Amino acid sequence: MKLDQATIAQLAEHLENCELKARDTPKITDEHSAMDWDDAYAIQDEIRRRKIARGSRVAGLKAGLTSFAKMKQMGVGTPVFGFLPDYGAVPEGGTITVDELIHPRIEPEIVFVMKHALKGPGCHIGAVLAATDFVMPGLEVIDSRYRDFKFDLKSVIADNTSSARFVVGARIKPAATLDLRTLGVVLEKNGAIVALGAGAAVLGHPATAVAMLANHLGARGEEIPAGAMIFSGGITEAVAAGRGDNITLRIHELGSVACKFV
Ligand code: 0L1
Ligand code: MG
């Protein structure tokens, strides 16, 4: 690690305040160009520690930048991992308050809920499917705290991978009964189709993202716990949403999920 504990704590406080006050900031590597991957995850861990200390819970985990469309959109080449705080949960069909966010974008995702714990290294698609309880459709609302979504991978990891809000649909299906690669995905804004895709857009199979998360956690001596909910990553590029927008995601076999920006 290149940063000392005081700098990690100061950067975590800064990024979390930007999140909670809906204020943007230049990317942190502008000032801390020497920071490494461990520093980036240590800042994210400190943000999680701060939230838990104030009484928040971790409602889920996420993989980000897992599709070629997203990687191309953001100009990066590797997935990143983060967590979903409980207060980011929006009920199906519920509202998202734009004033609480900086510049929200939405991502259509396949969400896994685990029956068994999963620990890397060596986790693969088969292990993920065997450990999965069910899958469901999900909308992730990302909101990078970085000005104009301009960041590098280390900055975005430290910023808890732009995590902001999330909505899940009520139709659940056992993963083993579906071919998650060929599930068609249609994202609509105000009734118009704004993005299209299929499950395979996420690393060839969305379970690969969950396996990579398990391997990432395993390298840190951690695991995906039984019962965990995991957003496996945007299937299309992220779509900007603003006040008044009605968003609907339809996934073949998994029904729909919707929310409104107010
Ligand atoms: O969930 C995601 O794919 C977002 C990862 C962070 C990058 C971004 O803000 O687009
Ligand atoms: Mg996402």
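In what follows, the structure referred to is the one given above.
Cut-offs and rules
- Residues numbered from 1 in each chain as written.
- Chains lettered and ligands numbered in written order.
- Predicted model: local features only at pLDDT ≥ 70, side-chain atom pairs only at ≥ 80, totals over all residues.
- Heavy atoms only, no water.
- Helix = DSSP H or I, 4+ residues; strand = E, 2+ residues; numbered from the N terminus.
- Rg over C-alpha atoms; globule rule 2.2 N^0.38 Å.
- Buried < 20%, exposed > 50% of the residue type's maximum accessible area, 1.4 Å probe, protein only.
- Areas by Shrake-Rupley, 256 points an atom, 1.4 Å probe, with all protein chains shown as cover.
- Lys, Arg positive; Asp, Glu negative; His and termini not counted.
- Charge placed at Lys NZ, Arg CZ, Asp CG, Glu CD.
- Near = heavy atom within 4 Å.
- Polar contact = N/O pair within 3.5 Å; in protein donor to acceptor, adjacent residues only side chain to side chain.
- Nonpolar A, V, L, I, M, F, W, Y, C, P; charged D, E, K, R; others polar.
- Donors = N, O, S within 2.8 Å, 3.2 Å for Na, K, Ca; no water.
- Pairing = 2+ DSSP bridges.

Moving on: the overall build of the protein. When its secondary structure is counted, the protein shows six helices and 12 strands. Rg of the C-alpha trace for the protein: 17 Å, near the compact-globule value of 18 Å for 262 residues, within the 12% margin. Going through the 262 residues of the protein one by one, you find that 55% of them count as buried. As presented, the protein carries roughly 10,600 Å² of accessible surface, and 53% of it is formed by carbon and sulfur atoms. One way to put it: in the protein the 29 positive side-chain charges average out to a point 2 Å from where the 31 negative ones average out.

Next up on the list: the site of ligand 1. Among the 13 residues in the neighbourhood of ligand 1, the closest are listed as Lys62, Leu65, Lys70, Glu140 and Ser162. With respect to ligand 1, the side chain of glutamate 107 contributes an N or O atom lying 3.0 Å from an oxygen atom. Between serine 162 and ligand 1, the recorded distance is 2.5 Å, taken from a side-chain N or O atom to an oxygen atom. Here ligand 1 has 300 Å² of accessible area as a free molecule, and 100% of this is covered by the chains. Breaking the shell around ligand 1 down by element, the ones donating at least two residues are β1 (58–64), α3 (68–74) and β5 (132–142). Residue classes in the shell around ligand 1 are distributed as six nonpolar, three polar and four charged.

Note on metal geometry: ideal angles are 109.5 degrees for four donors arranged tetrahedrally and 90 or 180 degrees for six donors arranged octahedrally. Around the magnesium ion (ligand 2), the protein contributes the donor atoms Glu107 (OE), Glu109 (OE) and Glu140 (OE), which lie 2.0 to 2.1 Å from the metal centre. Donor residues binding the magnesium ion (ligand 2) come from one chain and are separated in sequence as E-x1-E-x30-E. You can see glutamate 109 sitting in strand β4 (residues 105–114) and its partner glutamate 140 sitting in strand β5, a full 31 residues away along the chain. Classification of glutamate 140 as buried rests on a relative accessible area of 0%.

One open sheet holds the five strands; their spatial order is β3-β12-β11-β7-β8, and the pairing between them is mixed. Each edge of the open sheet is held by one strand with a lone partner, namely β3 (95–96) and β8 (192–198).

With an omega of 10 degrees, the peptide bond between glycine 120 and proline 121 qualifies as cis. For aspartate 148, which is not a glycine, the phi torsion comes out positive at approximately 55 degrees. Structurally, aspartate 148 can be placed in the loop between β5 and α5 (153–158). Taking the relative accessible area as the measure of exposure, aspartate 148 reaches 55% and is therefore exposed. Its identity as a non-glycine residue notwithstanding, threonine 161 has a phi of 50 degrees, on the positive side. Position of threonine 161 relative to the elements: it lies in the loop between α5 and β6 (163–168).

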